[in-house]
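For reference, the chains in residue letters:
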Amino acid sequence: MAKQPTAKVSVTALGQVRIFSPLTEEELAVLAENCSWSRHEAASEVLAQNAPCDEVYFICSGRVSAKTFSDAGKEITFAELVQGDVFGELSALDGQPRSSFVVTLEESLLAALPAHVFNEFLDSHPKVMRALMVELTGRLRRADEKVFEFSTLNTSNRIHAELLRLASMYPAQNGAVEITSPPTHADLASRTNTTRESVTRTLNQLKQGGLIEATRQCLTIFDPDTLAKLIRDSEAD
């Protein structure tokens, strides 16, 4: 458990959470007093699938992955969440057990509210409720995109689409995008319902074509438009 931040630090940290953007500093200060704080090393399990609903978490720094496993042990990644995101809200809203495991991808600072406090806060702050609805709508749209991709794209193009999705989270410079926290091959396979071998083969093809450059620290996409064209051309076949 992390040491309770100072009032100024906790207000600044919660102010980075998107659903709290409508709040004043005074409202954030009151909210921060009700939060518990925890710092987790990379690869730490924060939530277990099917666990009872008890807390909602806000990512103040770091990254986490929401995932599940098939009966055969295959890892399936639902989403990667970053600073400013919230998780655990679905169970808080409907009272059902957790729908996935949540594991940190790097050292992360999390704030948490008891589920009943979170629901009471939403009832008394309709602007935050609406911000949460917008957040959930975005997640639903992204899930719809993935269903479409899984239904229509081949393995290579699903990987291309995931690379473009990651690239959209980073600024472009002279047409190129540097993904400074690149996923591992295993992570990409988990996100695209394929194998590490298929990911390696597809990335090597993109490297040979001069479309990407990859190291452990950075994955550079030199021409996102050409990557998108590969997907469109596949859909037209």
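Right above here is the structure, for reference.
The text that follows walks through the structure, step by step, so that each part is easy to find. (Residues numbered from 1 in each chain as written. Predicted model: local features only at pLDDT ≥ 70, side-chain atom pairs only at ≥ 80, totals over all residues. Heavy atoms only, no water.)

It is worth spelling out the overall build of the protein at this point. When helices and strands are counted, the protein shows nine helices and twelve strands. Dimensions of the protein, computed from the C-alpha atoms along their principal axes, are close to 55 × 45 × 30 Å. Within the protein, the fraction of its 237 residues that count as buried is 44%. Relative to all contacts within the protein whose residues are 6 or more apart in sequence, the contacts with residues 24 or more apart total 70%. Carbon and sulfur atoms form 52% of the exposed surface of the protein, whose accessible area is close to 12,800 Å². Looking at the protein, you have 23 positive and 32 negative side-chain charges, and the mean spots of the two groups are 4 Å apart. (Helix = DSSP H or I, 4+ residues; strand = E, 2+ residues; numbered from the N terminus. Buried < 20%, exposed > 50% of the residue type's maximum accessible area, 1.4 Å probe, protein only. Contact = heavy atoms within 4.5 Å. Areas by Shrake-Rupley, 256 points an atom, 1.4 Å probe, with all protein chains shown as cover. Lys, Arg positive; Asp, Glu negative; His and termini not counted. Charge placed at Lys NZ, Arg CZ, Asp CG, Glu CD.)

Turning our eyes to something else, we now look at the pattern of salt bridges. In total, this model carries 14 salt bridges according to the counting rule given. Among the salt bridges present, the one from R98 reaches D54, with a minimum N-O distance of 2.8 Å. Here D54 lies in the loop between β2 (45–47) and β3 (55–61) and R98 lies in the loop between α3 (89–94) and β7 (101–104), a separation of 44 residues in the sequence. Judged by its relative accessible area of 4%, R98 falls in the buried class. (Salt bridge = Lys/Arg side-chain N within 4 Å of Asp/Glu carboxyl O.)

Moving on to the sheet that holds β3. An order of β1-β8-β3-β6 is seen for the four strands of this open sheet, with the pairing classed as antiparallel. Every interior strand has two partners, whereas the edge strands, β1 (36–40) and β6 (86–87), have only one. Pairing of β3 with β6 involves two bridges; the strand directions are antiparallel. Of the residues in β6, the one forming a bridge with F58 is V86. (Pairing = 2+ DSSP bridges.)

Within this structure, the stated rule accounts for one cavity of 30 Å³ or more. Taken together, S65, K67, T77, L105, D187 and R191 make up the full set of residues lining the largest cavity. At the level of elements, β4 (63–69) and α7 (185–192) are the ones that each hand at least two residues to the lining of the largest cavity. Considering only residue class, the lining of the largest cavity consists of one nonpolar, two polar and three charged. (1 Å grid on protein atoms, 1.4 Å probe; cavity = no way out; pocket = protein on both sides within 12 Å on 5 of 7 lines; lining within 4 Å. Points joined across faces, edges and corners; volume = space filled by probe spheres on them. Nonpolar A, V, L, I, M, F, W, Y, C, P; charged D, E, K, R; others polar.)

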